[in-house]
Every structure is written in C-alpha cells, then in structure tokens.
Amino acid sequence: MTRLDLEGVGFVYPDGTRALDGVDLTIGAGESVAIVGQNGSGKSTLVRHFNGLLRPTDGRILHDGEDVADVRTAALAARVGIVFQNPDRQIFAGKVRTEVAFGPKTLGRSATDIEAATRDALAAVGLSDAADANPYDLGYSRRKLLTIASVLAMGTPVVVLDEPTTGQDARGVARVQQVLAGLVADGRTVIAISHDMRFVAGSFSRIVVMGGGRILLDGPPAEVFAEPAWPVLASSYLEPPYAARVGARLALGSTPTETALVEALAARG
Amino acid sequence: MPVTPSPYHRLNPLTKAVIATVGSIGAFVLGGYVGPIAIMVIMLLLAWRAGVLARLARVSLLLTLPIAISVVLVSVFTRAGTTVLFQIGPFDATAEGVDFALQTLVRLFAISLSIGLFIMTTEPRAFVFDLERRGVPPRAAFIAVATIEAVPTLVERATMISESQRARGLDTEGSFLTRVRGLLPIVGPVIIGSLTDVEERSLALESRAFSRPGRRHLLWAMPDEGWERVLRWVLFVLLVGAAVARLTGRI
C-alpha cells in the first residue's frame, strides 16, 4: 500500500515554464483518481513526480509519509508504475512476452515470479494469444494494451495511466475499464489522466481538475460534474459528460453517468 | 527573415557555412599549432560578437572532451618516439606522443568551434531555403532540413522513452556502466519511432503536392551583400592556397 502526499509542490522547467504551482494533494491507498484538465495544465508533469521522473522545484513528495527526494526513480518504480500515453515511445522488445517481462526483471523478481506476472498481465489485457508476436505487428489499440500489461506485471501498489483510452475502440475502452476495476478490486491505487469525461465519470471515484499548474476542483464525479462546477470546468476547456448535461436540463440533479441518469429518471417516476 | 540577435546571425547562411567549412578544413590543412589556434581565436571572437561565446565554449568542450581523452591516451602511449617521459606498465609515454596529441587536440577544438558557431547562429531552415534559392532541388533541401531538425526531435523522443523505461525500474542514475546499460532499451523505440515519423511526414507532404514539378516561390528572402560574396571567395581561395602550400611542403 502506498499513500501519496504532495505538499506545496511546484515545478519549473529549465526553459522557465512553471508547470506546477503549489499543489497540495493526498491520494490514499486503494483510491481511484482521474486527473483532468486542458493540455498544458500540468497533469503529466504532476504524475511524473509520483515516481521521481521529475523532482519538485518547490515542496515535497511523500510515499507513506516518507520524503522521497533522495530515493532513486529505479527504487520508486517498484511502488508507482506509469503507463505513458504513446506506446511507441515505450515498447522496445522484439516479443510481446519480453516487453511485459522487462519491468519485473528490472525490479529483480525471480524467474518464476516474472513468468507468472507476465502471463497474468497479458491475460488481464486480453493479449495472451499474442505473447510471442512482435509488438509492432499489433495494431495501435493492442500496443497500448501491451504497455498497460507491461506495467501491471510489475505489481506496483500504485498504477498511473496517461490517456489510457486514446486510440481505443469501444472494445478497447471496455477492456481498460475492466482492467481498472480489477486493480481497484485488488486494493491498488489507480490514477489516470484523461480527456474522456464519460470514461472518467464512469470509472473513477474521485476527479481532480487541473488548470494553470494548480488544482481547481477535487471531489467525486457527482460533485465535480454538478452544474455549479461547470464554470470551473469551462475555465479549463472541459465539458461535463453528456449524461450530466441531460440530467441538469431535466433538473434531475447531478447525473455524471448514464446509470445515474437512468436511476434519477426512475426515481422521478 | 526572422528577428536575429546579432549582426553575425544576420549574415547570409552560406557565408556562415563557408566560414565553418574553411575553419574546419583549414585546421586540418594547416596542422601544427599556429594555424588551428588562430582559427580557434577567430571563432571565439566571432562567437563573442554573436553573443554565444559561453555556450559555444561549453558545448565545444563537452563534444570534444570524450574524443580528446581517447586521442590523448592513444597518442601519448602508443606513438613511437625517442624521448620517454614516463612509463605505465609496458607503455611508454613519449614527448613525440604528447606533441601529436596536443596538435590533434587543437585541431579538434578548432573544428568543433567552427561547426558549433555555425549551428548556434544559423536557423536550419534559413540555410536550406537559401540553398534552394541558389538552385538546390526542393526534395534535397527538404532532406537537408529534415535531417538537421531531426536532432532536437530525436533528443526529445529519447528523453521521453528514457522516462518510460525508468518508470519500469530501469536504473539510469548510477555509474557510467549503469547509464550505458540503460541506453540499450532506448535505442529501439528511438529508431522505430523516427522511421514511423519519416513515413508519416512523407505521406503528409505528398498529400500536399510536395513532389509537384515546377518552380516554387520562396517567401523568405535572405540578404546577401556584395561584400559577403567577396568574403566567401577570399576564404575559399585562402583555403585552396593553404592546401596547395601544404601539399607542396611550403608550410
């Protein structure tokens, strides 16, 4: 279990761009959190701090209360796994199986553990049939699932996914949702960056809205997508999910998902 | 023409290319110490005038040092000579080896300063468009600019790939050996990604009639003063003269 605490975290890139500005955020063990915001709002910069790929220029990061300023990324990778947005900037092996085994191998797991973790991770994303294929023979959607498997195999208590549904068809999105649900059921912390409001409303219990390197909103979907919060969402060029807008037009209260909308309609009778 | 920070930046790109070429080849042709050191001094003065002195000196040192160290080690200990300065195991460090290493070093620095100054003061597109204006085919011009501009893109791509591998526990923060080992998983995605980019960019260009035959109108006019043309020819003649003098044993 790993609890993440960010205390007054700021980050300025070498060219002088301030990407994060005094971010205070706590993500408890086992939470499922979506981070949303316009491009350049600081989402990707923020998650790169979770495993030390970036180090804050102000403030500090704590894992289970321990300041990780002096802990190497290679060590933090055992706690926080990050799936990057573009699979082609991650995949390097000639075989799907080798790609998935890379993470547990670098973490020093035993041969038996690596084999089991690889098999389970491939099964979780539906790629068991492609274990011996060349990753570049897979389509984009399956390459993306492969990168998810390669991080799942590491068994980290925290899994971060950057735009997991980009380039996925409906089946791929369903598969990603299934994987996330499995992780949450296992008690692992799941954090995802996404621009897909329907996906985040339906898959995460907490949503953090970012803008200008700061946290603008932080709460459950029903609160973040409720009508009073819409001006804040608009300031970050975000639109609430369709179900939330329909619910608001029908004066049904906050209905961030289709299920919530149907339930509200049924309750009205 | 974009806004440029110094008069040296505003020179015609071909003039700066000729200065870089003459500086680089000249350092080799002249040999010894005086010629290459004179070229180094000229390049440093020009860099100072262009406001890039500190950056050029730093980059030149960083680029040249790894080669310089190996050159010094190999030359000092393997060059045959009569004056032995000291011994390490079976290897003799000779005065002739030290002399050869120093001569090679000043040449290397003169070359890296010449090329570095050109890169730091010339917009790749300006150089290529100027060549296109002088009759280089658009296809060749595109290949040239794509190659030059590929370097920062590759660096950015390598950084991102490195991050994704580090996120999976690859240790790249330790010793030299650890860093080298960490490079291996980066090479594949960098090359494959670059090839994919090239393919996609070619298709995008073709869909915009890139290979349509006929004359093109360039919207970016580069100044090329009369004195610059004279300077280029003078530098060229000096280089040829130095080469002839070197071949005939006069210097």
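Worth saying up front: this structure is predicted, and the values here are computed from it rather than measured.

Okay, the confidence of the model for chain B next. Mean pLDDT over chain B works out to 84, with 96% of the residues at or above the 70 mark. Element-level pLDDT for chain B is lowest in helix 7 (residues 176-206) of chain B, with a mean of 73, against a maximum mean of 95 in helix 2 (residues 34-50) of chain B.

Right, let's talk about the pairing of strand 10 (residues 214-219) of chain A for a bit. Residues and elements named next belong to chain A. Strand direction decides the pairing type here: strand 9 (residues 206-211) and strand 10, joined by five bridges, are antiparallel. Pairing of Met210 across the sheet is with Ile215, part of strand 10. In textbook terms, the turn of a hairpin is the stretch between consecutive antiparallel strands, and for strand 9 and strand 10 this stretch comprises two residues, one of which, Gly212, has a positive phi near 60°.

Residue-level contacts link 28 residues of chain A with 17 residues of chain B. Between chain A and chain B, a total of about 2000 Å² is buried, with carbon and sulfur atoms accounting for 56% of that surface. Inspection of the chain A/chain B interface yields two salt bridges. Between Glu99 of chain A and Arg168 of chain B there is a salt bridge; the shortest N-O distance is 2.7 Å. Applying the counting criterion to the chain A and chain B interface returns seven residue pairs in polar contact (both at pLDDT 80 or more). Those elements that place two or more of their residues in the side of chain A that touches chain B are helix 2 (73-76), strand 6 (80-83), helix 3 (96-106) and helix 5 (140-152) of chain A. Among the elements that take part in the side of chain A that touches chain B, helix 3 of chain A stands out by supplying four residues, more than any other. Split by residue class, the side of chain A that touches chain B holds 14 nonpolar, eight polar and six charged.

Before going further, it helps to examine the sheet that holds strand 7 (residues 158-162) of chain A. Residues and elements named next belong to chain A. Overall, mixed pairing links the six strands, which are arranged 6-7-8-3-9-10 in an open sheet. What marks the edges here is a single partner per strand, and that holds for strand 6 and strand 10. Averaged over all pairs of adjacent strands, the angle between strand axes in this sheet comes to 20°, irrespective of strand direction. Relative to strand 9, strand 3 (residues 32-37) runs parallel, the two sharing five bridges. Considered in strand 9, the bridge of Gly37 is made with Met210. Helix 5 contacts strand 6 and strand 7 of the sheet and is inclined by roughly 170° relative to strand 6. Across the sheet, helix 6 (residues 170-185) lies against strand 3, strand 7 and strand 8 (189-193), angled at about 145° from strand 8, the strand it touches most.

Turning our eyes to something else, we now look at the packing of helix 3 of chain A against helix 4 (residues 111-124) of chain A. All names here are of chain A. Axis separation between helix 3 and helix 4 bottoms out at 9 Å; the angle between their running directions is 125°. Relative to helix 4, helix 3 is oriented oblique. In this structure, the crossing between helix 3 and helix 4 has a hand that is right-handed. For the pair helix 3 and helix 4, contact is made by Val96, Arg97, Val100, Ala101, Pro104 and Lys105 and by Ile114, Thr118, Ala121 and Leu122, respectively. Of the residues contributing to the contact of helix 3 with helix 4, the split by class is seven nonpolar, one polar and two charged.

As a further point, take helix 5 (residues 124-133) of chain B. The α-helix advances 3.6 residues per turn, and as a result positions three or four apart in sequence lie on the same side. Buried within helix 5 of chain B we find Ala126, Phe127, Val128, Asp130 and Glu132 of chain B. Where helix 5 of chain B ends, the next residue or the one after it, Gly135 of chain B, has phi of about 110°, a positive value.

Moving on: the environment of Val100 of chain A. All names here are of chain A. By the element assignment, Val100 lies in helix 3. Assessed through its relative accessible area of 0%, Val100 is described here as buried. C-alpha of Val100 to C-alpha of Ser141: the two residues are 41 residues apart in sequence and 16 Å apart in space.

For the rest of this paragraph, the subject is the sheet that holds strand 1 (residues 4-12) of chain A. All names here are of chain A. The four strands are arranged 2-1-4-5 in an open sheet whose pairing can be described as antiparallel. Lying at the two open borders of the sheet, with one neighbouring strand each, are strand 2 (18-27) and strand 5 (66-67). Of the pairings in the sheet, the one linking strand 4 (residues 58-63) to strand 5 comprises two bridges and is antiparallel in character. Looking across to strand 5, one finds that His63 is bridged to Glu66.

The rules we used
Residues numbered from 1 in each chain as written. Chains lettered and ligands numbered in written order. Predicted model: local features only at pLDDT ≥ 70, side-chain atom pairs only at ≥ 80, totals over all residues. Heavy atoms only, no water. pLDDT = per-residue confidence, 0-100. Helix = DSSP H or I, 4+ residues; strand = E, 2+ residues; numbered from the N terminus. Pairing = 2+ DSSP bridges. Contact = heavy atoms within 4.5 Å. Buried area = accessible area lost by both parts, 1.4 Å probe. Salt bridge = Lys/Arg side-chain N within 4 Å of Asp/Glu carboxyl O. Polar contact = N/O pair within 3.5 Å; in protein donor to acceptor, adjacent residues only side chain to side chain. Nonpolar A, V, L, I, M, F, W, Y, C, P; charged D, E, K, R; others polar. Axes fitted to C-alpha atoms, helices over the stretch in contact; angles between N-to-C directions. Parallel < 35°, antiparallel > 145°, perpendicular 65-115°, else oblique. Left-handed = near helix turned anticlockwise from the far one by under 90°. Buried < 20%, exposed > 50% of the residue type's maximum accessible area, 1.4 Å probe, protein only.

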